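Working through the structure, step by step
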Amino acid sequence: MIFLQTLLVRSVYAAILLIAVLVLNFSMMHLAPGDVADTIAQANGGADAEVLEAIRAEYGLDQPFLVQLGRYIGNVLQGNLGYSFYYREPVTDLILQRIPATLLLVFSAQIIALIIGVFLGVVSAQKPNGLTSHFVTFIALFGYSAPVFWTGILLLIGFSLQFHWFPVAGMRDVTIEGGLWIKSLDILHHLILPMVTLASVFLALYSRLTRATMLEQLRTDYVRTAYAKGVPHRKVVYQHALKNALSPVITLAGLQFSAVISGAVLVEAVFSWPGLGTLAFTSILARDTPTILGILFFSALVVIVGNLLTDLAQKLVDPRIGGKG
Amino acid sequence: MRHIFKGLMTATALASMMATSAHADEPKKGGTLVTVLGSNVRNLNSAVQSGIVTGFPGAQLFASPLRYDENWEPQPYLAKTWEVSEDGLTVTLNLVDNAKFHDGTPLTSADVAFSVEVIKANHPFKSMFAPVESVETPDAHTAVLKLSKPHPALMLAMSGQLMSIIPKHIYGDGAITDVKAHARNNKDVVGSGPFKLVEFKNGEHVILERFDDFFIEGRPYLDKIVMRIITDPAARAIAYENGELHMGAFESLPRIINRLKKVESLTVTSDGYGAIGPTDWLAMNTTKGPLSNVKVRKAIAYAVDKNFIHKALMQGTAGDSTSGIHPDSPFYAAQDGYDLDLEKSAALLDEAGFPVKDGSRMTLTIDFGWPGVKPQVEYVKAALKKVDITVEVRSSADFPTWAKKMGTGDFDMSWDTVFNWGDPVIGVHRTYDSTNIHKGVWSNTQGYSNARVDELMALAAVENDLEKRKALYAEFQAIIADELPVYHTNTVPYHTVYNTDKVGNPPIGIWGSSTPIDMTYLK
């Protein structure tokens, strides 16, 4: 019951947040000089003045700002995200086509980063000054400080150019014929490099945090008691200490969700991954306001849902956390 | 000396032998060509959308009346023959009688008339068909274009991606101006070109497949074309190198071009960009401040070392450009450059009334519209410092921000790239026409106005005699190079990259990849 109440309160906040996101971004887009007519001219290699005017009139860009904003918000409230100026397709269609690719990338990267990050954190916490621990720290800091597009290109040069192990770009090889199984394997084959690239940033965060909380847990009384009772080391570490060390890691993972999505924009651009990131990138360059706002709307939605899931996950690992959030 | 000469002889003999053996290759049928588009496609219907990204798939899906050989001579395509009347006011196209659209419907003169109407109403280049008043259709395979004045530019405008014939029975179901938003511009596209659309996934790929009823017997050679959309130039370079891509066009980063040239399996060529005609220049706003004085503009040209731009910035990948018309065009008349001469530059600035005061003669701004040309802009700043001109570099957040400044004349200098688009009437006049001042990006943004230049362009636009037309454009180019509304520095180093052992007959004619690749094959 408390949970339902939380959900309701959260939904109201979410709705207010979403409208704020739209109004704010619409205004900011409007403040910038130039508009989509210029980028359409650019895509055409030039356009005559009358054509530019016709485009502006068609999209209502010649109307006063408040009229444009009012029209847009009105449409959104009716569940209509509008038409892309640039692609002339419904924004919802454009986004829905791209969402699966981004979710696949973001979730797989997040899961990989969590599993490996936590594992490395646990390993290095057991001998904090050992060689393994230093090695883990090095790898983690390297992944964290290198820009993702650079890591991406580096992996491409290594594993696509030198070894031919992985494809360079895209999400599937359309020349491959075969059933669902073969096609899924093909997608997995394409997924690995972008996933590792995106995970490399967050892996560092998770392994560092796990290491710190694990060190803390391993010094607590209940761990000493467990050892005194004769519980084997492995069991103490993975069943007792880790369970308590995980809670802050999960909080962080939830908070990082928006960062993972924005990281995906760059990773998608490097690997031509056909997700929301590449769409966001091209739409921003094209000044395609309805598409950009649509993407922001969906991203905000994903972050809100992500945070909600984090709360749920926390309750699972730590029952002491209450219902109010 | 003799040794070198002998060595050269052998090399040439060897090269010509290799050339003959390459010609001896019989085109093979079948196979899937994997190629690439460098940015997302907005619209596949090239009757309503221009631009190089639409040009490649557009020219495969839709056929045009003419095509051109590498010597800029028109060749039959949908039109098997054509005549221009004595007075130049009537152009008759005799269409092939076996052309069909991808849905099986025969292509007729009514489709040609319809397409002209659609292009006139929707295409961004109004000058292409502005003089075409009507298209008469005396029979199903004859289309007669009636012109209000002679219009030699029509010939190039009827080729490449510029005059795509689209089916009236598909695209004619609404108002003419609605065709630009037609639902079948990106889905279930129907044309009469050598390939038909299988699938277009925005941001991912365009897949085309051989059209078995194509009107040229035995063509196309390829079974399938996969055009992948890869926007990152570094990723594309790796994909050429490891063989994932057989071919690609419009690669323009000097560093990447030079790297790919060293890869043994690849051929990297700058052929195929004459008609698109991309040139780089330093734009100078002639409407305000010191730059309204032609002596100041000349002083700047003398102070900017083109040699440095070619060698250091373009790393030897770009050609020279001196006159606003692309050097590959038959209308190009090379002009004497402004070789680096700092003394002359300083003298001109003194003459113009800009002596050095407190270490500087004047302060000018310079803009750029995309990050790729920032080195050029920084170089201009450094070069002009030597003649005591202070330059402030103004960055623009993105293309529209810059386009707005240019389109409204809110700049002193800017780096710019503009395409010729075939005939000078289409892509060159717009920059110098005094009736086209400050009408958006790539109009006459420099505010240049010269009555004789206007007159020459007007005369050249209606001159059907090629030699007389060339003479008019030669005079035009001489004035432009002398008055310098823009200082022409180089051609854009676009290159086509293909796998030498795999791709036969790549599209490197005057229109490059904006032509049907019905003759391209996989070895």
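Quick caveat: nothing in here was measured; it's all calculated off a predicted structure.

Residues and elements named next belong to chain B. Of all seven residues in strand S16 (residues 413-419), seven are buried; the element is thus mostly enclosed. Across the two faces of S16 the burial is the same, with Met 413, Trp 415, Thr 417 and Phe 419 and Ser 414, Asp 416 and Val 418 all buried. Bridge analysis of strand S14 (residues 362-367) against S16 gives two bridges, and the strand direction is parallel. Each bridged residue has a counterpart across the sheet, and for Asp 367 the counterpart in S16 is Ser 414.

Enumeration over the complete set of coordinates arrives at 24 salt bridges over all chains. Salt-bridge contacts for Asp 398 of chain B lead to Arg 287 of chain A; the nearest nitrogen and oxygen are separated by 2.8 Å. A residue pair is termed interchain when its members come from two chains, as with Asp 398 of chain B in the loop between strand S15 (389-394) and helix H12 (399-407) and Arg 287 of chain A in the loop between helix H12 (276-286) and helix H13 (289-317). Note on accessibility: Asp 398 of chain B and Arg 287 of chain A belong to one class, buried. Lys 405 of chain B is the salt-bridge partner of Asp 367 of chain B, the closest N and O atoms lying 2.9 Å from each other. Placement of the pair is Asp 367 of chain B in strand S14 and Lys 405 of chain B in helix H12, with a sequence separation of 38 residues. What you see here is one network of salt bridges that share partners, running through Asp 35, Asp 38, Glu 53 and Arg 56 of chain A.

Here the focus is the interface of chain A and chain B. Across the contact, 51 residues belong to chain A and 48 residues belong to chain B. Taking both sides of the interface into account, the surface hidden between chain A and chain B amounts to around 3,800 Å²; carbon and sulfur atoms contribute 57%. Remark: the boundary between chain A and chain B carries two salt bridges. Linking chain A to chain B there are 17 residue pairs in polar contact (both at pLDDT 80 or more). Elements with a contribution of two residues or more to the side of chain A that touches chain B: helix H2 (36-44), helix H3 (49-58), helix H5 (91-126), helix H7 (148-162), helix H11 (257-271) and H12 of chain A. Per-element tally for the side of chain A that touches chain B: the top contributor is H2 of chain A, with seven residues. Here the side of chain A that touches chain B is composed, by residue class, of 28 nonpolar, 12 polar and 11 charged.

Once that is clear, we can look at the sheet that holds strand S6 (residues 132-139) of chain B. Backbone-to-backbone hydrogen bonds join strands into a sheet, with any given pair of strands oriented parallel or antiparallel. Residue and element names in this part refer to chain B. The sheet built from four strands is open, its strands ordered S4-S5-S7-S6 with antiparallel pairing. Since the sheet does not close on itself, it has two edges, and those belong to strand S4 (79-84) and S6, each with one partner. Averaged over all pairs of adjacent strands, the angle between strand axes in this sheet comes to 20°, irrespective of strand direction. Sitting on the sheet, helix H3 (residues 109-122) touches strand S5 (90-95), S6 and strand S7 (142-147), and the angle it makes with S6 is about 170°.

Here the focus is a nonpolar patch on the surface. All names here are of chain A. On the surface, Phe 135, Phe 138, Ile 139, Phe 142, Phe 149, Trp 150, Leu 154 and Leu 266 cluster together to form a nonpolar patch covering roughly 810 Å² of accessible area. Listed by contribution, the elements that provide at least two residues to the nonpolar patch are helix H6 (131-145) and H7. A total of four residues in the nonpolar patch trace back to one element, the largest contributor, which is H6. In this structure Trp 150 comes out as partly exposed when scored by relative accessible area, which is 41%.

What follows is about the pairing of S14 of chain B. Both faces of the sheet carry side chains from a regular strand, because those side chains alternate between them. All names here are of chain B. The element S14 is largely enclosed, with a buried count of five among its six residues. The pairing of S14 with S15 spans six bridges and is parallel. Within S15, the residue paired with Leu 364 across the bridge is Val 391. Handedness of the β-α-β unit built from S14, helix H11 (residues 374-385) and S15 comes out right-handed.

We now examine the domain arrangement of chain B. How large an interface is tends to be reported as the accessible area lost when its parts come together. Residue and element names in this part refer to chain B. Taken as a whole, chain B is organised into domain 1 (2-271 + 495-522) and domain 2 (278-491). The straight-line distance from the C-alpha centre of domain 1 to that of domain 2 is 31 Å. Here domain 1 meets domain 2 over a buried area of about 1,700 Å², counting both sides, of which 70% is carbon and sulfur. Taken together, the links from domain 1 to domain 2 amount to zero salt bridges. Across the contact surface, domain 1 and domain 2 share two residue pairs in polar contact (both at pLDDT 80 or more).

What follows is about the packing of aromatic side chains. Tallying each qualifying case throughout the model produces 32 aromatic pairs over all chains. Centre to centre, the rings of Tyr 86 of chain A and Tyr 87 of chain A are 5.1 Å apart; their planes meet at 90°, and the pair counts as edge-to-face. One aromatic cluster is present, formed by Phe 125, Phe 250, Tyr 273, Phe 419, Trp 421 and Tyr 494 of chain B through successive ring pairs. The side chain of Arg 42 of chain B reaches across the aromatic face of Tyr 86 of chain A, ending 5.4 Å from its centre. Arg 67 of chain B extends its terminal NZ or CZ atom over the ring of Tyr 77 of chain B, reaching a point 4.5 Å from the ring centre.

Residues and elements named next belong to chain A. Among the structural elements, Gln 256 can be located in the loop between helix H10 (233-255) and H11. According to the relative accessible area criterion, Gln 256 is buried, its value standing at 16%. When sequence neighbours within four positions are dropped, the list of residues in contact with Gln 256 reads Phe 202, Leu 205 and Tyr 206.

Take the packing of helix H9 (residues 306-313) of chain B against H11 of chain B next. All names here are of chain B. Interhelical geometry of H9 versus H11 gives an angle of 140° and a closest axis separation of 11 Å. Considering how the two elements wind past one another, H9 and H11 form a crossing that is right-handed. Residues Phe 308, Ile 309 and Leu 313 of H9 pack against Pro 375, Gln 376 and Tyr 379 of H11. Along the lines of polarity and charge, the residues of the contact of H9 with H11 split into five nonpolar, one polar and no charged.

Definitions and cut-offs
- Residues numbered from 1 in each chain as written.
- Chains lettered and ligands numbered in written order.
- Predicted model: local features only at pLDDT ≥ 70, side-chain atom pairs only at ≥ 80, totals over all residues.
- Heavy atoms only, no water.
- Buried < 20%, exposed > 50% of the residue type's maximum accessible area, 1.4 Å probe, protein only.
- Helix = DSSP H or I, 4+ residues; strand = E, 2+ residues; numbered from the N terminus.
- Pairing = 2+ DSSP bridges.
- Salt bridge = Lys/Arg side-chain N within 4 Å of Asp/Glu carboxyl O.
- Contact = heavy atoms within 4.5 Å.
- Buried area = accessible area lost by both parts, 1.4 Å probe.
- Polar contact = N/O pair within 3.5 Å; in protein donor to acceptor, adjacent residues only side chain to side chain.
- Nonpolar A, V, L, I, M, F, W, Y, C, P; charged D, E, K, R; others polar.
- Axes fitted to C-alpha atoms, helices over the stretch in contact; angles between N-to-C directions.
- Patch = residues over 30% accessible without salt bridge, like charges linked within 9 Å, V, L, I, M, F, W, Y side chains within 5 Å.
- Areas by Shrake-Rupley, 256 points an atom, 1.4 Å probe, with all protein chains shown as cover.
- Right-handed = clockwise from strand over helix to strand, strands pointing away.
- Domains from an automatic or database assignment.
- Phe/Tyr/Trp six-rings, centres within 6.5 Å; stacked < 30°, edge-to-face > 60°.
- Lys NZ or Arg CZ within 6 Å of the ring centre and 35° of its normal.
- Left-handed = near helix turned anticlockwise from the far one by under 90°.

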